[in-house]
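The chain contents come next:
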Amino acid sequence: LKMSWFWFYLPLHLLMTACLCHSIKAPTTSSQQSFKTDLFNFYHSLILADGKETTIHLLKDIPKRYYFVLEEGRALAPFSITVTPCDVPIEWSIFVHKASASFLGKAARGDRDTHEVSKSQKASSMVSIIFNYKGNSVETYMGMSSHSALYMLEFLSTERDTHITVYLTTDTTSGHLYPELPMDPRIDVIGIGHTTVTLTWKHSPSVLQHRENIQYCLLVNEKHNYKSLCAAETAIRSSGMKLPPTLALSLSPYLLEPQQVMILSNSELSIINKASSGEVRQICMGTKNTYTVPNLSPSTQYYFDVFVVNLLTNASAAYTGAFARTLEEPEPKVMELKDGKVTQVVLDGKKQKFYSLQYQARHKKIQFTFQLCRGQVRVHITKNGKTVALENISGLRYFSLKGKLLDTYLVQLRSTEVTNSSVKVQVSPHFHKPLFPLLPESLKIKSFSKLRTCNSVTIAWLGTQEESKYCVYKKRIEEDQVWMELRSADRCSGPESRHKSEKVLCKYFYDINLQRAVTTETIQGLDAGTLYLFDVYLSGPSGIPVRYHSKVVKTRKKC
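Residues numbered from 1 in each chain as written. Predicted model: local features only at pLDDT ≥ 70, side-chain atom pairs only at ≥ 80, totals over all residues. Heavy atoms only, no water.

Stated precisely, the cut-off is as follows: UniProt positions are given in the numbering used here, feature names are shortened, and annotations may be inferred rather than shown by experiment.
The name recorded for the protein chain in an unreviewed UniProt entry is Protein NDNF, from Calonectris borealis. Within the UniProt record for the protein chain, the comment given under Subcellular location (unreviewed entry) is "Secreted".

**A word on the overall build of the protein chain**
Condition: Each helix is a run of H or I in the DSSP string that is no shorter than four residues. Each strand is a run of E no shorter than two, and both are numbered from the N terminus. Here's how the labels work: a residue is buried when its accessible area is under 20% of the maximum for its type, exposed when over 50%, partly exposed in between, all with a 1.4 Å probe on protein chains only. Should any heavy atoms of two residues lie within 4.5 Å, those residues are counted as being in contact. Surface accessibility in these figures is a Shrake-Rupley result with a 1.4 Å probe; residues are shielded only by whichever protein chains are displayed.
Each helix and strand counted, the protein chain has 8 helices and 35 strands in total. Burial analysis of the protein chain (559 residues in total) assigns 44% to the buried set. Expressed as a percentage of contacts within the protein chain between residues at least 6 apart in sequence, the contacts between residues at least 24 apart total 75%. Summing over all exposed atoms, the protein chain offers an accessible surface of approximately 29800 Å²; the carbon and sulfur share of this is 53%.

**Observations regarding the sheet that holds strand E23 (residues 377-383)**
Selection rule: Only when DSSP finds a minimum of two bridges between them are two strands counted as paired. Note on geometry: axes are lines fitted to C-alpha atoms, helical ones only across the stretch in contact, with angles between N-to-C directions running from 0 to 180 degrees.
Spatial strand order, E19-E21-E26-E23-E24: 5 strands in an open sheet with mixed pairing. Looking at strand neighbours, the two that pair on one side only are strand E19 (334-336) and strand E24 (386-393), the edges of this open sheet. When strand polarity is set aside, the average angle formed by the axes of neighbouring strands in this sheet is 20 degrees.

**Remarks on the state of the cysteines**
Defined as follows: Working definition: a disulfide is two cysteine sulfur atoms within 2.5 Å of each other.
Within the structure shown, the criterion is met by 5 disulfides. Note that Cys86 is cross-linked by a disulfide to Cys230, the S-S spacing being 1.6 Å. Sign of the S-S torsion, about 110 degrees for the bond between Cys86 and Cys230, identifies this disulfide as right-handed. Of this pair, Cys86 sits in the loop between strand E3 (76-85) and strand E4 (90-98) while Cys230 sits in helix H6 (residues 229-238), placing them 144 residues apart in sequence. Each member of the pair, Cys86 as well as Cys230, is classed as buried. With a sulfur-sulfur separation of 2.0 Å, Cys471 is cross-linked through a disulfide to Cys506. Here the disulfide of Cys471 and Cys506 is right-handed, its torsion about the S-S bond being about 110 degrees. In this pair, Cys471 sits in strand E30 (residues 468-477) while Cys506 sits in strand E31 (residues 503-509), placing the two residues 35 residues apart along the sequence.

**Notes on the sheet that holds strand E29 (residues 457-462)**
Ordered by their spatial adjacency, 3 strands build an open sheet running E28-E29-E32, and the pairing between neighbours is antiparallel. Each end of this open sheet is capped by a strand with a single partner; those strands are strand E28 (446-447) and strand E32 (518-523). Here E29 pairs with E32 via 6 bridges, running antiparallel. Directly across from Thr458, in E32, lies its bridge partner Thr522.

**Considerations on the side chain of Ser228**
With respect to the element layout, Ser228 can be found in the loop between strand E11 (214-221) and H6. Ser228 has contacts with Thr84, Pro85, Val138, Phe307 and Ala318, leaving out every residue within four places of it along the chain.

**Some details on the packing of aromatic side chains**
For the record, the criterion: Aromatic pairs are defined between Phe, Tyr and Trp rings, using the six-membered ring for Trp, whenever the two ring centres lie within 6.5 Å; interplanar angles under 30 degrees are classed as stacked, those over 60 as edge-to-face, and all others as tilted. Any Lys NZ or Arg CZ found within 6 Å of a ring centre and within 35 degrees of that ring's normal is scored as a charge over the ring.
In this structure the tally under the stated criterion is 19 aromatic pairs. Between Trp201 and Tyr216 the ring centres are 5.6 Å apart and the planes differ by 75 degrees, which places this aromatic pair in the edge-to-face class. A residue pair is termed long-range when its members are at least 10 positions apart, and Trp201 in strand E10 (residues 197-201) and Tyr216 in strand E11 qualify at 15 residues. Across this residue pair, the class does not change: Trp201 and Tyr216 are buried. Ring pairing ties together the aromatic residues Phe68, Phe79, Trp92, Phe131, Tyr141, Tyr151 and Phe155, which thus form one cluster. When the ring centre of Phe399 is taken as origin, the NZ or CZ atom of Arg397, which lies over that ring, is 4.3 Å away.

**Some thoughts on the environment of Ile62**
Topologically, Ile62 is positioned in the loop between strand E1 (52-58) and strand E2 (64-69). Residues Ile62 and Thr158 lie 96 residues apart in sequence; the distance between their C-alpha atoms is 8.2 Å. Not counting residues within four places of it along the chain, the set of residues in contact with Ile62 comprises Phe155 and Leu156.

**With respect to the nonpolar core**
Applicable threshold: Buried Ala, Val, Leu, Ile, Met, Phe, Trp, Tyr and Cys residues that are joined via side-chain atoms within 4.5 Å together make up what is termed a nonpolar core.
In this structure, Phe368, Phe370, Ile381 and Leu413 are the most contacted members of the largest nonpolar core, which totals 23 residues. Only strand E20 (343-347), strand E21 (355-360), strand E22 (365-374), E23, E24, strand E25 (396-402), strand E26 (408-415) and strand E27 (421-429) provide two or more residues apiece to this core. Looking at this core element by element, the count peaks at 4 residues for E22. Beyond its immediate chain neighbours, meaning those up to four positions away, Phe368 contacts Leu337, Tyr359, Ile381, Arg397, Tyr398, Phe399, Leu401, Tyr409, Val411, Gln426 and Val427.

**Let's talk about the environment of Lys202**
Going by this rule: Nitrogen and oxygen atoms within 3.5 Å of one another constitute a polar contact, given that in protein one can donate a hydrogen and the other can accept it, and given that sequence-neighbouring residues count only through two side-chain atoms.
Relative to the helices and strands, Lys202 resides in the loop between E10 and helix H5 (205-209). On the basis of relative accessibility, which here comes to 42%, the residue Lys202 falls in the partly exposed class. C-alpha separation for the pair Lys202 and Pro182, spaced 20 residues apart in sequence, amounts to 6.5 Å. With residues up to four places along the chain from it excluded, the contact list for Lys202 reads Pro182, Asp184, Tyr216, Asn289 and Tyr319. One polar contact links Lys202 to Asp184, side chain to side chain, over a distance of 3.5 Å.

Dropping the structure here:
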């Protein structure tokens, strides 16, 4: 670090004067009083607190200096300084100034004679550097201090503005602020799966001594290891996730931000921070030193950091980080489709995995039929490796395709929602009798507001040119149930899934003229001012039902 020895000596001279100012006679002039006040403020702004962790903010390329001296009367005592960079690498040094007692006495009396400059030069020659470090690791310096020595710490960041924490202590007998690390502080990876990684580490001596006040916290991310919890929190904030200080350590759920998810189970606290750059998980598991990280993505490299935390002080120490790559996901099993057979598939929305179905054509013309039961599904059909259909489906959807004998069709299905989706699939020759009934242009149910009364509702729906069976069901619901009822409805389920008390009627209906293929029904015996959910099921010759879109209608309060 570049520095001027003269300017280093000058604050030392002032500090020594301030340290002994209790023995100085009070100034008699206003200028002397002003000088003493400035000196007092200067002294207190630069002295590093003993036994307390201090946060220091650094501006780029501007060094910052702090000083400390031992209490008067202590001839020789050990001390330690721990510096934790919270972001970029920094450079820091420790300087010591050794001065004679006669010099200190003259400085305290304020003797300023003609030999002052030469004494300053002599004193500056007694300044030496005893430690220097550059990097972003947590470093601790331990040494012996004399009452006749004054120390200066200088910190410099050359990359950007940042902050660090500094802990100075001269009391090495009453325990440690930071939990202790074992002799071997490495994290061992003892198991790797497709979505899990199992870790273990040696116990901290602090856990064995103060089990009730110490716990382990694990941090998982996809970028890199962190050398301190302070550095991890800074990185999380800079990525756009507002992480409250020591969130995982203080276990304060009320501090959670909107982009954070907290999961508490089996005495473990998991906090997942969401951001566009990925997610960072914090898991605090008490004093267990073996942990299996669940719900990871296959074929992904993860970085794992373990921190042993003192719950009383929030101080932490970092184990040596580890990393591991989860196993590749096995090729999905491909199910064979058979002519005319209906296959129902349930798709996991959380994992967003494709479900594959394969069919080898025995005819030149074939037809795929998809009936969406729940959620939203994306269908991708390829023929001999080339895409022939790709779309999101709703309701009932047919794909009529033309090719050659023994063409290979691959159907890939995926849920487009985070919740599970379900779909029925059938493939058959184009000329084969359809499995599903002939459908009207629309599967919507219409209600007539003007025909509503306190105890009746009139609904209508479209029919077809094919004689089919229509069954009407009703269900009383509350206001706050509407969204969930419509959302969770299984559109592939038939009337057999409904309670007998919900059945209103069944009727057969058709009309050769599609313009007149409309039927209405008035449902009586309802309660006033009440919400009802109405469903219509259409069953054709094959017996497989198709459910119209549910309709919610409220009866009038007053008539």
